[in-house]
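The primary structure of each chain is shown beneath.
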Number of protein chains: 2
Amino acid sequence: MSDERILLAHGSGGQLSHELVSRVFLGRFGNDTLNALGDSALLDLPNDGSRLALTTDSFVVSPLFFRGGSIGKLAICGTVNDLAVAGAKPLYLSAGFILEEGLPYEVLERVVDDMARMAAQSGVQIVTGDTKVVNHGAADGLFINTAGVGIVPLGRELSPQRLRVGDVLLINGTVGDHGIAVMLERENLGLRSELASDCAPLNGLIAEVLEACGDAVHCMRDATRGGLVATLNEWAESGACCLQVEETAIPVREDVRAACELLGLSPYYAANEGKVVIAVAPEAADAALRTIQAHELGRNAAIIGQVVEGKAGRVLLRTSLGARRLLDMIVGDQLPRIC
Amino acid sequence: MSDERILLAHGSGGQLSHELVSRVFLGRFGNDTLNALGDSALLDLPNDGSRLALTTDSFVVSPLFFRGGSIGKLAICGTVNDLAVAGAKPLYLSAGFILEEGLPYEVLERVVDDMARMAAQSGVQIVTGDTKVVNHGAADGLFINTAGVGIVPLGRELSPQRLRVGDVLLINGTVGDHGIAVMLERENLGLRSELASDCAPLNGLIAEVLEACGDAVHCMRDATRGGLVATLNEWAESGACCLQVEETAIPVREDVRAACELLGLSPYYAANEGKVVIAVAPEAADAALRTIQAHELGRNAAIIGQVVEGKAGRVLLRTSLGARRLLDMIVGDQLPRIC
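Quick caveat: nothing in here was measured; it's all calculated off a predicted structure.

Engineer: So what's going on with the relation of the copies chain A and chain B? Which residues, and what values?
Structural biologist: The transform that puts chain A on chain B rotates by 180° and translates by 0.0 Å along the axis, for an RMSD of 0.0 Å. Such a turn and shift between the copies fits a two-fold axis. Of the C-alpha atoms belonging to chain A, the one lying closest to the rotation axis is found on alanine 139 of chain A, 2.1 Å away. Comparing interface residues between copies, 100% of those in chain A also sit at the interface in chain B, which points to an isologous, same-surface contact.

Engineer: So what's going on with the packing of aromatic side chains? Which residues, and what values?
Structural biologist: Under the defined criterion, the tally for this structure stands at 5 aromatic pairs over all chains. Taking the centre distance of 6.3 Å and the plane angle of 50° together, the rings of phenylalanine 143 of chain A and phenylalanine 143 of chain B count as tilted. Taken as a pair, phenylalanine 143 of chain A in strand β7 (residues 142-152) and phenylalanine 143 of chain B in strand β7 (residues 142-152) lie in two separate chains rather than in one. Owing to a relative accessible area of 0%, phenylalanine 143 of chain A belongs among the buried residues under this scheme. In this structure an aromatic cluster arises from ring pairing among Phe25, Phe29 and Phe97 of chain A. One residue, arginine 110 of chain A, lies across the ring of phenylalanine 65 of chain A, its end atom 3.8 Å from the ring centre.

Engineer: Any details on helix α9 (residues 285-293) of chain A? Residues and values, ideally.
Structural biologist: All names here are of chain A. Those residues of α9 that sit buried are Ala285, Ala288, Leu289, Thr291 and Ile292. End-on, the buried residues of α9 take up no more than an arc of 165°, which puts them together on one face. Away from the buried face of α9 by more than 90 degrees, exposed residues Asp286 and Arg290 are located. Contacts made by the buried residues of α9 are with β8 (168-171), α6 (203-213), β11 (276-280) and β12 (302-308).

Engineer: If you had to explain the pairing of strand β10 (residues 242-246) of chain B to someone new, which residues and values would you point to?
Structural biologist: Residue and element names in this part refer to chain B. A large share of β10 lies buried, amounting to 5 of its 5 residues. Residues Cys242, Gln244 and Glu246 of β10 are buried on one face, and the alternating residues Leu243 and Val245, pointing to the opposite face, are buried as well. In terms of strand pairing, β10 meets strand β12 (residues 302-308) through 4 bridges, oriented antiparallel. The residue bridging glutamine 244 from the neighbouring strand is glutamine 306, located in β12. In this structure, β10 lies alongside strand β13 (residues 315-318), joined through 4 bridges in parallel fashion. Bridge pairing links glutamine 244 to leucine 316 in β13.

Engineer: Please provide a residue-by-residue account of helix α5 (residues 177-187) of chain B, values included.
Structural biologist: Residue and element names in this part refer to chain B. In terms of burial, α5 is a largely internal element, 8 of the 11 residues being buried. Inspection of α5 places Asp177, His178, Gly179, Ile180, Ala181, Val182, Met183 and Leu184 among the buried residues, and these make up the whole buried set. In the stretch just after α5, asparagine 188 is the one whose phi turns positive, near 50°.

Engineer: Talk me through the sheet that holds strand β10 (residues 242-246) of chain A; I want residue IDs and the actual numbers.
Structural biologist: Strands pair in a sheet through their backbones, by hydrogen bonds, and they do so in one of two ways: parallel or antiparallel. Residues and elements named next belong to chain A. In space, the 7 strands of this open sheet follow the order β9-β11-β8-β12-β10-β13-β14, with mixed pairing throughout. Looking at the sheet topology across the chains shown, the edges are occupied by β9 (217-222) and β14 (324-326). Neighbouring strand axes in the sheet, compared pairwise and without regard to direction, differ in orientation by 25° on average. Docked against the sheet, helix α3 (residues 71-85) engages β9 and β11, running at close to 165° with respect to β9. Helix-sheet contacts for α6 involve β9 and β11, and the interaxial angle to β9 is about 170°.

Engineer: An account of the state of the cysteines is requested, with residue identities and associated values reported.
Structural biologist: Residues and elements named next belong to chain A. For the structure on display, the rule yields 0 disulfides over all chains. Cysteine 199 provides the cysteine sulfur closest to cysteine 77, a residue in no disulfide bond, and the two sulfurs are 3.9 Å apart. Here cysteine 77 falls in the buried class, since its relative accessible area comes to 0%.

Engineer: Help me get a handle on the packing of α5 of chain B against helix α8 (residues 254-263) of chain B, residues and values and all.
Structural biologist: Residue and element names in this part refer to chain B. Following both chains from N to C, one finds α5 and α8 inclined at 60°, their axes separated by 10 Å at the closest point. Relative to α8, the crossing made by α5 is left-handed. Facing Asp177, Ile180 and Met183 of α5, the residues of α8 in contact are Val256, Ala259, Cys260 and Leu263. Here the contact of α5 with α8 is composed, by residue class, of 6 nonpolar, no polar and 1 charged.

Engineer: Describe the sheet that holds strand β6 (residues 125-134) of chain A, naming the residues involved and giving the relevant values.
Structural biologist: As summarised here, the arrangement of the 5 strands in space is β6(A)-β5(A)-β7(A)-β2(A)-β1(B), forming an open sheet in which the pairing is mixed. Among the strands making up the open sheet, the edge pair consists of β6 of chain A together with β1 (41-44) of chain B. Put simply, the sheet's adjacent strands are angled 20° from each other on average, direction ignored. Alignment of strand β2 (residues 51-59) of chain A against β1 of chain B, held across 4 bridges, turns out to be antiparallel. Paired with leucine 54 of chain A across the bridge in β1 of chain B is alanine 41 of chain B. Together, β2, β5 (89-100), β6 and β7 of chain A form the strand contacts of α3 of chain A, whose direction differs from that of β2 of chain A by roughly 150°.

Rules used throughout
- Residues numbered from 1 in each chain as written.
- Chains lettered and ligands numbered in written order.
- Predicted model: local features only at pLDDT ≥ 70, side-chain atom pairs only at ≥ 80, totals over all residues.
- Heavy atoms only, no water.
- Least-squares fit on C-alpha atoms with pLDDT ≥ 70 in both.
- Contact = heavy atoms within 4.5 Å.
- Phe/Tyr/Trp six-rings, centres within 6.5 Å; stacked < 30°, edge-to-face > 60°.
- Helix = DSSP H or I, 4+ residues; strand = E, 2+ residues; numbered from the N terminus.
- Buried < 20%, exposed > 50% of the residue type's maximum accessible area, 1.4 Å probe, protein only.
- Lys NZ or Arg CZ within 6 Å of the ring centre and 35° of its normal.
- Arc of directions from axis to C-beta.
- Pairing = 2+ DSSP bridges.
- Axes fitted to C-alpha atoms, helices over the stretch in contact; angles between N-to-C directions.
- Disulfide = S-S within 2.5 Å.
- Left-handed = near helix turned anticlockwise from the far one by under 90°.
- Nonpolar A, V, L, I, M, F, W, Y, C, P; charged D, E, K, R; others polar.

Next comes the structure, spelled out in structure tokens:
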């Protein structure tokens, strides 16, 4: 069994496709909706004026497994988190696999195991899927796409347009862990570290913040590709406002800081997979911080800055010396294929 | 402009990512929901007990362009059709792109043009998306995943479990066109033919059949990978029934038949991208056939068989000589990367 590999015929729609679906997917993801194996999953909707949230992400991370996670764990957490930061309760996911011919069956099974575990942990069901196989050399092992749907309760509105001067910016812990962990794994730099990816489903933590602070929560976003800086710049631009963060307040692990210094990178631009930036009205900031810190995924949470008067579209960093500098988007990337 | 190519940095989440999204996607797919560029698209739901249909497909066809279509056209039609055969009105799509570094910008733009055209034609909006770029050699040009949501009206129920002995099986035209067209394109066999892929959105035709025949429509499926035979076998298995089709009744183009004979293939196993198999109660068969034939995508529609007494899970072909033989699933595939 451990020698078995994916064949082109596993993507054919014929008997081997069926065998793959039954053996690898149904056993691990199985639920009544998926088991029906229809062209579409049919899902009951609430009847109360809620809105539907729809999101999608493809995952191409290299390597497939790294300390703290895998492409499978990322594929579930990334989509769950995208729904959660939109204010939605994540409910249902689709999963599309592109497999390279020759991929060991056992690798696929480990990835799917991770997906099943994360789906259970975050309370979502994988209800429909698709598998394609491409010839050897036409894809790098395994790519996954997940799309997700969730329900946004009537009246909930989270968006950069709700940002107001004075709003407080929080984050639920240290930045850059995922990006630097994957890089250390990949580049084999000989840096010894306990560092692991922060990949985690944030919907539980986010639900608690929304419960505690209600409409005082104005906007949330998970700071993935492009890191904290990309998120803040998107907010400053979409919300037509100016944001300021304090260098001394942004939590960074010592080993992440050291690796970044050695390599000429910045942790503020490095990807996270378990970090959410939350903007709340100033009067709710303390309650939000306490709620986040009480959650196991928010132990190192901090208030990192606020929305300030200033030129719309700008993000400022106040350094430890009190100087301010622009934190603008970089043109490209520090590190490709990070998720 | 025509020399521009996709760079790794286009997938970084930085400025080049934003430029790609604005320049290539927003201009072509643009709608208020997509333009908001949130983590999730937020969609209004009906308030009347309808169900949601969710489906996904990845597209890896090679070559990217072929007579009658492209990977972009496939990516829209495939997902629209999966929703439509579930009885849903297709409404919203997500689009996830995996791009190989070095892909000419112009190729991506042509693909996205096709997607935009097909989305408009089939009445769906692309409301959220994602782009990843992998290094040269790690993917073959361009892969697309689309997920789709649609609404199934209260009380509509289409499934193989509704198949009954006597139900009539119809198809909206010739089988195998897509599979053989792509193969001729790819293999450069020197066979001259007017053959084009049948790739098309079927939601309009399907809506007309449902309007005309209502609850007498028991099951529908688009016969894609694995062709007509895969669809019939899935029905026979899921519906625990026996199906019989008539060799003389199944429409096949002469050039498809000739190519298949030359190559030792069967058109019944070849992929379609614009063909739907429909099972209706016998009293509705004539109305269904007339409705389909009146639609431009159903000119060559035919009644091809029915649900018969017999061993559950079997599909029988009655040949032109009156003999019956099993039409079972093949283990692998005639042709990989057909969609």
